[in-house]
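Close look at the chain arrangement
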Amino acid sequence: MAEQTNIAVMGVSGRMGQMLLRAVDEAPEAKLIGASERPGHDWIGQDLGVAMGGPARGIIVRDNPLDTLQHAHALLDFTTPEATMANAEIAAQVRAAHIIGTTGLSDENLAFLKAASRHAPVIRSGNFSLGVNLLTVLTRKVAAALGEDFDIEVVEMHHRHKVDAPSGTALMLGEAAAEGRGRKLADIRDLAREGLTGERKTGHIGFAALRGGDVVGEHEVIFAGAGERIALKHIASDRMLFARGALKAALWGHAQKPGQYSMLDVLGMD
Ligand code: NAP
């Protein structure tokens, strides 16, 4: 068998952590070598398999990235912004490819990741599915083809436990639309509307976030013109989609030079 890629799963008990673990276990090219959780979590110090109610698997769940990442070629990180920053520092030290699905990162967090990417590959995406990445390419092209007389709105819906809004994917789609128009999203985004907002500003990109139930993730980009409307929509119905995409990024990423990459780079899309 070809050499396996050593993978660590951060936040292993989380909704995505559990999916990432399954994706690693499914892939013959990948080998789980570490797993982390939040300090104080019940699983810390326990064998991962036993903590999950099954047989031992020889991996102790750790609460600090240095112990978790010692032999890692890549880490899968769908946790919190704070945890992701701590992981980035150690990933840079041990030169492991950092695959980041965590959303809600601040500009300061992004600057930190940029600095970390001088030492190791950092692959970050608001969405690791093939379909959404294709949707960003389409969104950019449609936005470039249509003039500012088409208003762009991004609508998303997620499960009731999601803590940040708009979703990382909605922002990715907004960025793609802004790029298609040769603008910076930060200059033209309307993240929320309430009260007497006045008329919609021409050329702006609006966002709406719905939350409820167990919705995995739905995103729609609407181009609304006079007398016609184009809608591009993606529906995710299984979180394994993101986990398999993230693992693909890890297998690709650990062989790359230090730098910042996106899922479009992994998929070879432009
Ligand atoms: P979740 O169930 O809350 O999982 C996060 C996990 O990280 C939890 O188990 C949490 O532990 C753990 N954690 C917190 N602090 C930690 C630390 N310092 N060290 C290690 N682990 C720590 O949330 P989720 O639904 O899996 O989502 C996680 C993130 O991924 C969110 O930002 C979400 O938006 C994002 N996401 C991205 C994509 C994508 O494709 N990019 C797809 C889905 C989700 P506790 O619960 O004990 O605090």
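Owing to the predicted nature of the structure, the values given are computational and were not obtained by experimental measurement.

Rules and cut-offs
Residues numbered from 1 in each chain as written. Predicted model: local features only at pLDDT ≥ 70, side-chain atom pairs only at ≥ 80, totals over all residues. Heavy atoms only, no water. Domains from an automatic or database assignment. Contact = heavy atoms within 4.5 Å. Buried area = accessible area lost by both parts, 1.4 Å probe. Salt bridge = Lys/Arg side-chain N within 4 Å of Asp/Glu carboxyl O. Near = heavy atom within 4 Å. Polar contact = N/O pair within 3.5 Å; in protein donor to acceptor, adjacent residues only side chain to side chain. Areas by Shrake-Rupley, 256 points an atom, 1.4 Å probe, with all protein chains shown as cover. Nonpolar A, V, L, I, M, F, W, Y, C, P; charged D, E, K, R; others polar. Helix = DSSP H or I, 4+ residues; strand = E, 2+ residues; numbered from the N terminus. Buried < 20%, exposed > 50% of the residue type's maximum accessible area, 1.4 Å probe, protein only. Lys, Arg positive; Asp, Glu negative; His and termini not counted.

Once that is clear, we can look at the domain arrangement of the chain. In terms of domains, the chain is made up of domain 1 (5-124 + 239-267) and domain 2 (130-236). Of note, the centres of domain 1 and domain 2, computed from C-alpha atoms alone, are 28 Å apart. Facing the nine residues of domain 1 at the interface are 12 residues of domain 2. For domain 1, the biggest contributors to the area lost against domain 2 are Thr103, Arg239 and Leu264; these three give 47% of the whole. If you look at where domain 1 meets domain 2, you find zero salt bridges.

The full set close to the ligand counts 22 residues, and Arg15, Met16, Glu37, Arg38 and Thr103 are the nearest of them. In the model, an oxygen atom of the ligand is placed 3.2 Å from a nitrogen or oxygen of the glycine 14 main chain. In isolation the ligand exposes 920 Å². Once the protein is present, 78% of that is buried. Class assignment for the residues of the shell around the ligand results in five nonpolar, 13 polar and four charged.

The next point concerns the side chain of glutamate 37. When you line up the elements, glutamate 37 lands in the loop between β2 (30-36) and α2 (48-51). Of the side chains with opposite charge, arginine 38 lies nearest to the buried glutamate 37, which makes no salt bridge, at 4.9 Å. Of note is the side chain of glutamate 37, whose polar atom sits 3.4 Å from the backbone nitrogen of valine 12. Looking at glutamate 37, its side chain comes within polar contact range of the side chain of serine 13, at 3.0 Å. When neighbours within four sequence positions are excluded, glutamate 37 is seen to be in contact with Gly11, Val12, Ser13, Gly14, Ile44, Val61, Arg62 and Asp63.

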